[in-house]
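# Architecture and fold: a report
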Amino acid sequence: MELSDANLQTLTEYLKKTLDPDPSIRRPAEKFLESVEGNQNYPLLLLTLLEKSQDNVIKVCASVTFKNYIKRNWRIIEDEPNKICEIDRIAIKGNIVHLMLSSPEQIQKQLSDAISIIGREDFPQKWPDLLTEMVNRFQSGDFHVINGVLRTAHSLFKRYRHEFKSNELWTEIKLVLDAFAQPLTNLFKATIELCSTHANDASALKVLFSSLIQIAKLFYSLNFQDLPEFFEDNMETWMTNFHSLLTLDNKLLQTDDEEEAGLLELLKSQICDNAALYAQKYDEEFQPYLPRFVTAIWNLLVTTGQEVKYDLLVSNAIQFLASVCERPHYKHLFEDQNTLTSICEKVIVPNMEFRAADEEAFEDNSEEYIRRDLEGSDIDTRRRAACDLVRGLCKFFEGPVTGIFSGYVNSMLQEYAKNPSVNWKHKDAAIYLVTSLASKAQTQKHGITQANEFVNLTEFFVNHIQPDLKSANVNEFPVLKADGIKYIMIFRNQVPKEQLLVSIPLLISHLQAESIVVHTYAAHALERLFTMRGTNNATLVTAAEMAPFVEVLLTNLFKALTFPGSSENEYIMKAIMRSFSLLQEAIIPYIPSLIAQLTQKLLAVSKNPSKPHFNHYMFESICLSIRITCKANPAAVGSFEEALFMVFTEILQNDVQEFIPYVFQVMSLLLEMHKNDIPSSYMALFPHLLQPVLWERTGNIPPLVRLLQAYLEKGANTIASAAADKIPGLLGVFQKLIASKANDHQGFYLLNSIIEHMPPESVDQYRKQIFILLFQRLQNSKTTKFIKSFLVFINLYCVKYGALALQEIFDSIQPKMFGMVLEKIIIPEIQKVSGQVEKKICAVGITKILTECPPMMDTEYTKLWTPLLQALIGLFELPEDDTIPDEEHFIDIEDTPGYQTAFSQLAFAGKKEHDPVGQMVNNPKIHLAQSLHKLSTACPGRVTSMLSTSLNAEALQYLQGYLQAASVTLL
Amino acid sequence: HAMRRQRMEVNVELRKAKKDEQILKRRNISFSSMGESFSPEQEKKNAVSTLSLEEIVQAVNGNNPELHLKATQTARRMLSRQRNPPLNQIIEAGIIPKLVEFLSRNDNVTLQFEAAWALTNIASGTSDQTRAVVEAGAVPAFVALLSSPHMHISEQSVWALGNIAGDGPMYRDSLIHNNVIPPLLALVSTSSLVFQVGFLRNITWTLSNLCRNKNPYPPLEAVRQILPVLIRLLKHEDKDILSDTCWAVSYLTDGSNDRIHVVVETGILPRLVELMASPELSVVTPALRAIGNVVTGTDEQTQMAIDAGVLTVLPQLLQHPKPTIQKEAAWTLSNIAAGPCHQIQQLITCGLLLPLVELLDKGEFKAQKEAVWAVANFTTGGTVQQVVELVQYGVLKPLLNLLSARDGKTILVILDTISNLFLAAEKLEETEKLCFLVEELGGLEKIEALQTHDNTMVYRAALGLIERYFANEVCVLFQLLSSGSMGRAVITCDR
């Protein structure tokens, strides 16, 4: 491709077409460009166009295309061809900085991005002139150009803020410092001087301040890894200037915009960050400057307004003070009573006020409000920063700070009392202040866990919180209601139980408040109260105490779901679940209506599932209804099936992916409720469950396996007689699961259920094949997890079919294989088996091999008899071997295709523990002793001689203990 | 168990050269005529010289012995000025070969001395300046002068050789090949020197420069020769001698395990540990460094340092007023904590946990960073019981606070440590309790925020912790539950 006018013309045509809205024109043009981008000169043609084209649209289009081209092709990947020829690379690097700087802003941005992509690969080794070229531009005096350079530098250097220390990185930084630090410092000083000469020229100031912001950002990046020698030597220059910029104000730079931060705010905010960086990492060197910054930042806070545009600045500034005041050696900067009072009065209190923006969010964006206020996503807010400062100050000055604030709280409450409808915000601030003062530590599950002892929380609760909630009108002063409910919620562990009990009916009635925040908080508070634990780990609030309120509680909860905006409110649904769980059989009289409302909800949300938490709690509630009801009346399972199957069928038919795993779990729960036989409705569904497509989705696998296990448990005989042709399909599922490192354990669950429940003759013809499949997997990719499951399986097989059958099937695959399995797998690996039941199965299985398998006594396998016994005693007595080979550590994360897919397990659909050898063997140690005894009676002398010749002393001692406990002696 | 970390992780430094490092080269400066007490009587008489550089050149090249001395003395004075000594002018004037020649003038002791002094000061300059002295053949001449019967001459030679050795491994080894060690050690042995503290200081400093520098290290044979003398010097009371001797030992131990071996087998450690508790900062610094180096070695070498009592001294050093000492002590501790659990147990028994947690809470950032490593290694190699004890000392709060540090690596190490703590909690079936503590102390919030950290490893580690221990009742990643139970999965639900 030559750099000819003809080619430029062609390229222009195609670029134009890529902007066409019609895909039939656009797509082929895009395809064409992609097909020629490998040619030499292609990027240079683009650069020519973006510089010289007459058409501005083409210029921009060429610059975007160029950037994307660089993004896709610049990096040289090992073992892959270099996609851009060396001559082009050199030409690009030679021109791009100049081009970027002389282009209009729209194009400059694209080229600046391209430079950082190239820089990431080539800088510094393969682009040695870049720094000098950039630094030379500082001399230009043209701040448009300078800003371009600074932006590019920032995009190149910002990675110093997060990359780990390494020789390579530090060599680069050193190089940058050597070439860049001094010119940057000169530029900084020059720019500040220009700011004062141009103090009356608004447009010049804007450009200059943009430069200062970039310079301050570069300072942060260059100083991040360690304190460079240069900056230590020039700390005076930088810090003095930063300090004076913090105190600077200029009417010309103030913006009218209330929301968007202006240049002045952005600069000061970055300076706060820079000061915080030094204070945190280079305290020893920064100490002389710190007090000045504390004063400046504090003054800044006192003089900064309430507008949203200052939020970031204010919260950065407060956070700086908060981090400094906790350090013992800066304590003295704050301890003066006047200083403390002033900080409390002028910094903390004003930033705790409920602002117009908060009020707006409370009414119109309640979800966001709740997330900030309740769930702690308020990290960057003023209130939060103020709260952190209170906590920081309380570290050394808890008493005085509490004293100062008590005065404030009282005066604010008095203001409120004078005229509540006008002054309600004062009370809001008072409550917020008390809350932040009192709470020293907090968790979601428990609320406040450590409180300030100077604050009487119960008194405040009785005098100022309850009265608001007791007022008959639940819709009056919604913000104060929300505050009050939140107070109960977070101080639930500090307020005495009798007060909480008084509050419960109040909370229930606030479920009817129209404000979304208020009824959501009420639901959440109830849910939290119901999870509290009293003595003996029982719930603090008992079902008996709740008896008078059952009906109104359930009614109001479901009614709350009908408020506009709350139809899929997860807090309410969670409260429903928690209420069911607490009330237990008290809900039974209401079940018909409850289950009808739940299925209706289910039907409605299954059209477009959008709130995963809501959906989850809804299914949990359904499970709870089933469990609670069927526990009292097992026959009721039929009516649930009747109510639910219709919706379930629809969900399965419409393939509502989010819900299918839930449906399988609920069905498992229902099926397990059946006493003996499996209803025909389930059998009709059976073939569908084996469809491969269902098994493609990772999230389906666990619940589907669980469901199939329930089928096998309840309907093995029915399957064998009426659906024998489906057995290969069932084994197909097993085969698919076993092949995957992530899902093999699920395959074993299924296989174990088949072995345990299916009549032996129905699976006879497949048995050998099953073992061969397992061996193949063992050979191809042996993992610890697989071995553990395999061991449990073969022992279960042994328990079920007998030790001889196990030996025979191994040896039928290949002669002497049984011995190999014993020697190479069972004996060395048995210690790895985990789980109570699993260990028991293995113990019983091995006991059978030892005592009920003639070849162990009279063939070459005999030499393995004592080692096997020793291994079994080890399984009983030694700690579990939970080591995992290094190469397996990341299996779960990296080798699993569906890592991202979450499986939503329902807690209340939980399966009860199943012990297949439970009835047969109670104590496996005694069982071993008895079995050995029986063996020794059959062949007297053999057992004792084997024991005495090769069992180690410690194991022998344990064994004698078992024999004694079983009161048997070996002959 | 955990990995021990060598002193230098990167070869590049961004920071200013450490102020507390030992000086590489020194000039012999004359502050006043009073200070020139080394020089013979006659010097005071012609205290003021008026020779120009040109005249000096002429004089040294001429045949007049009087002028030789006068010129050399003038040059020496110029080189001993406190400010801007004209090292390069003197070099460019080309008189160095003459000065070196004068070193052999056993007939004129004063001239010998003045030449030695002048050359000492030239050698105290940059590498190029030192090279000018060496290339003029000064080394054999100075080595010969070590055995001069005149003490002030042998002392000046010691000094000059110290400057040459301090230039780097190449000249250091060339001195060793010129057999500098035997006469130098002989000087220490000269019993008359017992009373000459200043001289002994010079010898010690020069010896330390002969031990200094890596790539390559000084030859092992030389090290073996020097070590017994260092041990003798460590018995001295003078703080400068002690300081330089400790520096020498710190250089010898700053290397691979076989280097450390040569030092520890001499039985030097108990005295070094004793000196770590010295009231003199200039002694504590290198003694601590030397011991810090030793514990980067094998478990056995570390055990020797423990047996020498390092753990009884470390608590006070962790609380030292100088942040650099705190940092160095914490680094030392971190490497001991990387040992097997019986060494960790000794660390507990000696009461190190309290000061460690204190440092983590209140130390300067660079010391906190090392303390984080100490905790990380402790939780990697410690038994469950030991980890529990660490937690009981309140390590969690300061550790979690440091998650807001502006240092990606430190954050990652903390996240790994938290993960270690959870492994221990799982074994005790107290996962929930730990979750509670982490959340209560504000850690959960910080870990959540780290899920958006720009460093991939940091955000992955944070995400891993959240998913594994803090995922709420809803979305539990199934893979993490596949513990191999019979179709059951444990779910964290506050039912």
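Residues numbered from 1 in each chain as written. Chains lettered and ligands numbered in written order. Predicted model: local features only at pLDDT ≥ 70, side-chain atom pairs only at ≥ 80, totals over all residues. Heavy atoms only, no water.

## Observations regarding the overall build of chain B
- Along the backbone of chain B there are 29 helices and zero strands.
- In chain B, the proportion of contacts linking residues at least 24 apart, taken out of those at least 6 apart, comes to 72%.
- Here chain B displays about 20400 Å² of accessible surface, and carbon together with sulfur accounts for 53% of that area. (Helix = DSSP H or I, 4+ residues; strand = E, 2+ residues; numbered from the N terminus. Contact = heavy atoms within 4.5 Å. Areas by Shrake-Rupley, 256 points an atom, 1.4 Å probe, with all protein chains shown as cover.)

## Notes on the overall build of chain A
- Helix and strand counts for chain A stand at 49 helices and two strands.
- When contacts within chain A are restricted to residue pairs at least 6 apart in sequence, long-range pairs at least 24 apart make up 74% of them.
- Taking the average location of the 89 positive side-chain charges in chain A and that of its 115 negative ones, the two points are 4 Å from each other. (Lys, Arg positive; Asp, Glu negative; His and termini not counted. Charge placed at Lys NZ, Arg CZ, Asp CG, Glu CD.)

## Examining the pairing of strand 1 (residues 439-443) of chain A
Residue and element names in this part refer to chain A.
- Pairing between strand 1 and strand 2 (residues 447-451): four bridges, direction antiparallel. Paired with A441 across the bridge in strand 2 is Q450.
- Once strand 1 ends, the chain turns through three residues before running back antiparallel as strand 2. (Pairing = 2+ DSSP bridges.)

## What about the packing of helix 3 (residues 65-79) of chain B against helix 6 (residues 109-123) of chain B?
Residues and elements named next belong to chain B.
- For the pair helix 3 and helix 6, the least separation of the axes is 9 Å and the interaxial angle reads 30°. On the basis of their axis angle, the class for helix 3 and helix 6 is roughly parallel. You can see that helix 3 and helix 6 cross each other, and the crossing is left-handed. Contacts between helix 3 and helix 6 involve H68, L69, T72, Q73, R76 and L79 on the former and, on the latter, T110, L111, E114, A115, W117, A118, N121 and I122.
- The residue inventory of the contact of helix 3 with helix 6, partitioned by class, reads seven nonpolar, five polar and two charged. (Axes fitted to C-alpha atoms, helices over the stretch in contact; angles between N-to-C directions. Parallel < 35°, antiparallel > 145°, perpendicular 65-115°, else oblique. Left-handed = near helix turned anticlockwise from the far one by under 90°. Nonpolar A, V, L, I, M, F, W, Y, C, P; charged D, E, K, R; others polar.)

## Description of a negative patch on the surface
Residues and elements named next belong to chain A.
- A cluster of like negative charges, contributed by D256, D257, E258, E259, E260, E360, E363 and D364, occupies part of the molecular surface.
- With respect to the helices and strands, D364 occurs in helix 18 (residues 356-364).
- Overall, D364 belongs to the exposed group, its relative accessible area being 63%. (Patch = residues over 30% accessible without salt bridge, like charges linked within 9 Å, V, L, I, M, F, W, Y side chains within 5 Å. Salt bridge = Lys/Arg side-chain N within 4 Å of Asp/Glu carboxyl O. Buried < 20%, exposed > 50% of the residue type's maximum accessible area, 1.4 Å probe, protein only.)

## What to know about the environment of F396 of chain A
All names here are of chain A.
- Take F396: it is sitting in helix 20 (residues 382-418).
- Look at F396 and you get partly exposed, because its relative accessible area is 28%.
- For the pair formed by F396 and P328, sequence separation is 68 residues and the distance between their alpha carbons is 8.5 Å.

## Things to note about the nonpolar core
- Grouped together as the largest cluster of nonpolar side chains are 352 residues, with contacts concentrated most on F157, F180, F320, Y711 and W865 of chain A.
- With 15 residues, helix 20 of chain A is the largest single contributor of residues to this core.
- Setting aside its immediate chain neighbours within four residues, Y711 of chain A contacts L671, I678, Y682, M683, L685, F686, L689, A716 and I719 of chain A.
- In terms of nonpolar packing, the next biggest core, distinct from the first, is built from 155 residues, I95, A371, V375 and L415 of chain B among them. (Core = buried A, V, L, I, M, F, W, Y, C linked by side-chain atoms within 4.5 Å.)

## Quick notes on the packing of helix 7 (residues 130-138) of chain A against helix 9 (residues 167-197) of chain A
Residue and element names in this part refer to chain A.
- Contact pair helix 7 / helix 9: the axes reach a minimum separation of 10 Å and the direction vectors enclose 5°. Taken together, the axes of helix 7 and helix 9 lie roughly parallel to each other. Between helix 7, through L131, M134, V135 and F138, and helix 9, the contact on the second element is made entirely by L175, V176, A179, F180, P183, L184 and L187.
- For the contact of helix 7 with helix 9, the residue count by class is eleven nonpolar, no polar and no charged.

## Notes on the UniProt feature "repeat: ARM" (unreviewed entry) in chain B
- As annotated by UniProt and renumbered to match this structure, "repeat: ARM" (unreviewed entry) occupies residues 94-137, 137-165, 225-267, 267-309 and 309-337 of chain B.
- As annotated, residues 225-267 of chain B has a helix share of 74% and a strand share of 0%, and its two end C-alpha atoms lie 15 Å apart. (UniProt positions renumbered as here; feature names shortened; annotations may be inferred.)

## Things to note about the packing of aromatic side chains
Residue and element names in this part refer to chain A.
- Applying the stated rule across the entire model yields 49 aromatic pairs over all chains.
- Aromatic side chains F396 and F397 sit 6.2 Å apart centroid to centroid with 65° between the ring planes, which places their arrangement in the edge-to-face category.
- Relative to Y797, the ring of F771 has its centre 5.0 Å away and its plane inclined at 85°; by these criteria the two rings are edge-to-face. With F771 in helix 39 (residues 767-780) and Y797 in helix 40 (residues 784-801), this pair connects stretches of sequence that are 26 residues apart.
- Through a chain of ring-to-ring contacts, three or more aromatic side chains come together here, namely F188, F219, F230, F231, W238, F242, Y278, Y282, F286, Y289 and F293.
- Positioned above the aromatic ring of Y14, the side-chain terminus of K17 is 5.1 Å from the ring centre. (Phe/Tyr/Trp six-rings, centres within 6.5 Å; stacked < 30°, edge-to-face > 60°. Lys NZ or Arg CZ within 6 Å of the ring centre and 35° of its normal.)

## Focus: helix 8 (residues 143-157) of chain A
Residues and elements named next belong to chain A.
- Across its 15 residues, helix 8 extends 20 Å between first and last C-alpha, which sits within 8% of the 21 Å expected from 1.5 Å per residue.
- Of all 15 residues in helix 8, twelve are buried, a share of seventy percent or more.
- All of the buried residues along helix 8 are F143, V145, I146, N147, G148, V149, L150, T152, A153, H154, L156 and F157.
- Buried positions along helix 8 lie against helix 5 (86-102), helix 6 (105-122), helix 7, helix 9 and helix 10 (202-222).
- Between the side-chain oxygen at the start of helix 8 and the backbone nitrogen of H144 there is a gap of 2.9 Å, and the oxygen is on D142. (Expected span 1.5 Å × (residues − 1). Polar contact = N/O pair within 3.5 Å; in protein donor to acceptor, adjacent residues only side chain to side chain.)

## Description of unusual backbone geometry
- Between F123 of chain A and P124 of chain A the backbone carries a cis peptide bond, its omega angle lying at 0°.
- By secondary structure assignment, the location of P124 of chain A is in the loop between helix 6 and helix 7.
- Cis geometry marks the peptide bond from N215 of chain B to P216 of chain B; its omega dihedral reads -5°.
- Secondary-structure assignment places P216 of chain B in the loop between helix 12 (197-211) and helix 13 (220-233).
- Phi at F477 of chain A is positive, roughly 45°, even though this residue is not glycine.
- Considering the arrangement of structural elements, one finds F477 of chain A in the loop between helix 22 (457-470) and helix 23 (478-490).
- Here F477 of chain A falls in the partly exposed class, since its relative accessible area comes to 21%.
- In this structure, N215 of chain B takes a positive phi of about 50° despite not being glycine.
- Structurally, the position occupied by N215 of chain B is in the loop between helix 12 and helix 13.

## Topic: the environment of S157 of chain B
All names here are of chain B.
- Of note, S157 is situated in helix 9 (residues 151-165).
- If we ignore the near neighbours within four places in the chain, the residues touching S157 are F142, L145 and L146.
- A distance of 2.9 Å separates the side chain of S157 from the backbone oxygen of I153, its partner in a polar contact.

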